[in-house]
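Topology and contacts: notes
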Amino acid sequence: MTHTPHELAEDLPERAALIHALRESDAHFARLVDEYHDINAAVHRAETDVEPTEDLHLNDMRKTRMHLKDEIARILEQASA
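Notes on the structure in this doc start here. Position numbers for residues count from 1 along each chain, tracking the sequence in the order it is written. Note on the predicted model: pLDDT of at least 70 is required for a residue's local features to be given, and 80 or more for side-chain atom pairs to be given and counted; whole-chain, interface and lining totals, by contrast, use all residues. Side-chain numbers come from the whole structure's heavy atoms, not from hydrogens or water.

1. Focus: the overall build of the protein
In this text, helices come from DSSP runs of H or I with a minimum length of four residues, and strands from runs of E with a minimum of two, each type numbered from the N-terminal end. Counting secondary structure elements, the protein contains four helices and zero strands. Reading the protein from its N end, one meets helices and strands in the order α-α-α-α. Along the first, second and third principal axes, the C-alpha set of the protein runs to 40 × 25 × 20 Å. When burial is assessed residue by residue, the protein has 31% of its 81 residues classed as buried. Sequence separation of at least 24 residues holds for 67% of the intrachain contacts in the protein that already meet a minimum separation of 6. The cut-offs for exposure are 20% and 50% of the maximum accessible area for each residue type, with area from a 1.4 Å probe on protein chains only; residues under the lower value are buried, those over the upper are exposed, and the others partly exposed. When checking whether two residues touch, look at their non-hydrogen atoms; a contact exists if any pair is within 4.5 Å.

In structure tokens form, the structure reads like this:
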């Protein structure tokens, strides 16, 4: 597989240490990050036609990824405040 875009550590490099710390200490946060990783990989596979899917399904997966990232960013913001 080629490079997967939208990895959290790449999109939020200044928060990488906090992401790691919260994954270790907060089960809910860890679950969100795992879900984000899984949906991100699925989107990438669909976008690169490794696992083609219908456009509607791909758009739904992208929305899910966006919502997960928003929730992760909200938690990170609260944790760093």
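2. Considering the side chain of N40
With respect to the secondary-structure elements, N40 resides in helix α3 (residues 27-47). One polar contact links N40 to R65, side chain to side chain, over a distance of 3.0 Å. Two N or O atoms count as a polar contact when they lie within 3.5 Å, although within protein this holds only if one can serve as hydrogen donor and the other as acceptor, and sequence-adjacent residues are included solely when both atoms are side-chain atoms.

3. What to know about the environment of P52
Locating P52 in the fold gives a position in the loop between α3 and α4 (55-80). Overall, the relative accessible area of 60% leaves P52 in the exposed class. C-alpha separation for the pair P52 and A9, spaced 43 residues apart in sequence, amounts to 26 Å.

4. Re the nonpolar core
We define a nonpolar core as any set of buried Ala, Val, Leu, Ile, Met, Phe, Trp, Tyr and Cys residues linked to one another through side-chain atoms lying within 4.5 Å. L8, I19, F29, M61, I72 and L76 are the most contacted members of the largest nonpolar core, which totals 18 residues. Residue assignment for this core shows that the elements contributing at least two residues are α2 (16-25), α3 and α4. In terms of residue count, the dominant contributor to this core is α3 (eight residues). Each residue touching L8, except ones within four places of it in the same chain, is listed here: I19, V33, Y36, K69 and I72.

5. Observations regarding α3
Here the expected span of a helix is defined as 1.5 Å times the quantity of residues minus one. Taking 1.5 Å as the rise per residue, α3 with 21 residues should run 30 Å; its terminal C-alpha atoms sit 30 Å apart, in good agreement. For α3, every residue scored as buried is listed here: F29, A30, L32, V33, Y36, I39, N40, A41, A42, V43, H44 and A46. The inward-facing, buried residues of α3 contact α1 (8-11), α2 and α4. Capping of α3 at its N-terminal end is provided by D26; its side-chain oxygen lies 3.0 Å from the backbone amide nitrogen of H28. Among the residues trailing α3, D49 stands out with phi positive, at a value near 60°.

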